[in-house]
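Architecture at a glance
These are the residues of each chain, in order.
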Amino acid sequence: MADEVILLDFWPSIFGMRVKIALAEKGIEYEYKEENLWNKSTQLLQMNPVHQLIPVLIHNGKPVCESLVMVEYIDEVWKDKSPLLPTDPHQRAHARFWADFVDKKVFKVSKRIWSTKIEENESAKKELIETFKILEGKLCDKPYFGGETFGFVDLALITFYSRFYSAEMFGNFSIEAEFPEINAWAKRCMQKDTVAKSIPDQKKVYEFLVQMRKQLGLD
């Protein structure tokens, strides 16, 4: 009997993109269900009753929540193809540390850039720049964060590529000029079909965030 895999998601979600990439890396077919976050489906509320947030992975009727948890789950269940986490326990712990760093620093700080008034986001912009400096140091001329192959940390961070343009527009700086190694790494990741097909157009995401800013009364 074939596995039934369903992904509840919302197209601009950087967290949902992670799950899409992981499923694509493993070659897993799944049913995609787009959610309306302003009118959440009964299925979403039932499958994630605690946080009531997307994304949610449903595997044979059983839900898995939180994007990095989902990616690890996918890696463990479908372990015969494209491993995402290293086999060595120390290296696995190291990868989890940096993925958690991405969640706590990159995504939370970048949200402050687009969700505050332009004249008030200077501190968030400075913090994001410092964070990228740390990540460039971690990358350190390697093709990918884990070495020669695309892995867990790359997957955790590359979905932010969808918001590069937005960060530049709202923060008034250039990621390519400030962080050439991060930019080159992102371009390298985007050469993978599994990544490129899972990440929406940057300007489409920017237009969505502009509308969100208007709804928040920021513009």
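Up top you'll find the structure we're talking about.
A short tour of the structure in this document, coming up. (Residues numbered from 1 in each chain as written. Predicted model: local features only at pLDDT ≥ 70, side-chain atom pairs only at ≥ 80, totals over all residues. Heavy atoms only, no water.)

In this section: the sheet that holds strand β4 (residues 62-65). On the basis of which strands lie adjacent, the open sheet formed by four strands has the order β2-β1-β3-β4 and mixed pairing. What marks the edges here is a single partner per strand, and that holds for β2 (31-34) and β4. Strand-to-strand twist of the sheet, defined as the mean angle between neighbouring strand axes without regard to direction, takes the value 20°. Where strand β1 (residues 5-9) and β2 come together, four bridges link them in parallel fashion. Bridge pairing links Leu 7 to Tyr 32 in β2. Packing against the sheet, helix α1 (residues 14-26) makes contact with β1, β2 and β3 (56-59), and its axis sits at approximately 155° to β1. (Pairing = 2+ DSSP bridges. Helix = DSSP H or I, 4+ residues; strand = E, 2+ residues; numbered from the N terminus. Axes fitted to C-alpha atoms, helices over the stretch in contact; angles between N-to-C directions. Contact = heavy atoms within 4.5 Å.)

Attention now goes to helix α9 (residues 180-190). Turning to α9, its buried residues number three or more, namely Ile 182, Asn 183, Trp 185, Ala 186 and Cys 189. The buried residues of α9 occupy one face: seen down the axis, they fall within an arc of 160°. In this fold, the buried residues of α9 make contact with α5 (122-139), α6 (152-158), α7 (164-171), α8 (175-178) and α10 (193-196). (Buried < 20%, exposed > 50% of the residue type's maximum accessible area, 1.4 Å probe, protein only. Arc of directions from axis to C-beta.)

Time to look at the layout of surface pockets. Estimates place the volume of the largest pocket at around 940 Å³. If you go around the largest pocket, you meet 30 residues; those closest to its centre are Ser 13, Phe 15, Leu 53, Ile 54 and Lys 111. Sorting the residues of the lining of the largest pocket by element identifies α1, α3 (67-77), α4 (89-114) and α11 (202-215) as the ones contributing at least two each. Top element by residues in the lining of the largest pocket is α4. It accounts for eight residues. Tallied by class, residues from the lining of the largest pocket come to 17 nonpolar, five polar and eight charged. Estimated volume of the second largest pocket: approximately 410 Å³. Around the second largest pocket, the lining is made up of 20 residues, and of these Leu 84, Leu 85, Pro 86, Gln 91 and Gly 146 lie nearest the centre. (1 Å grid on protein atoms, 1.4 Å probe; cavity = no way out; pocket = protein on both sides within 12 Å on 5 of 7 lines; lining within 4 Å. Points joined across faces, edges and corners; volume = space filled by probe spheres on them. Nonpolar A, V, L, I, M, F, W, Y, C, P; charged D, E, K, R; others polar.)

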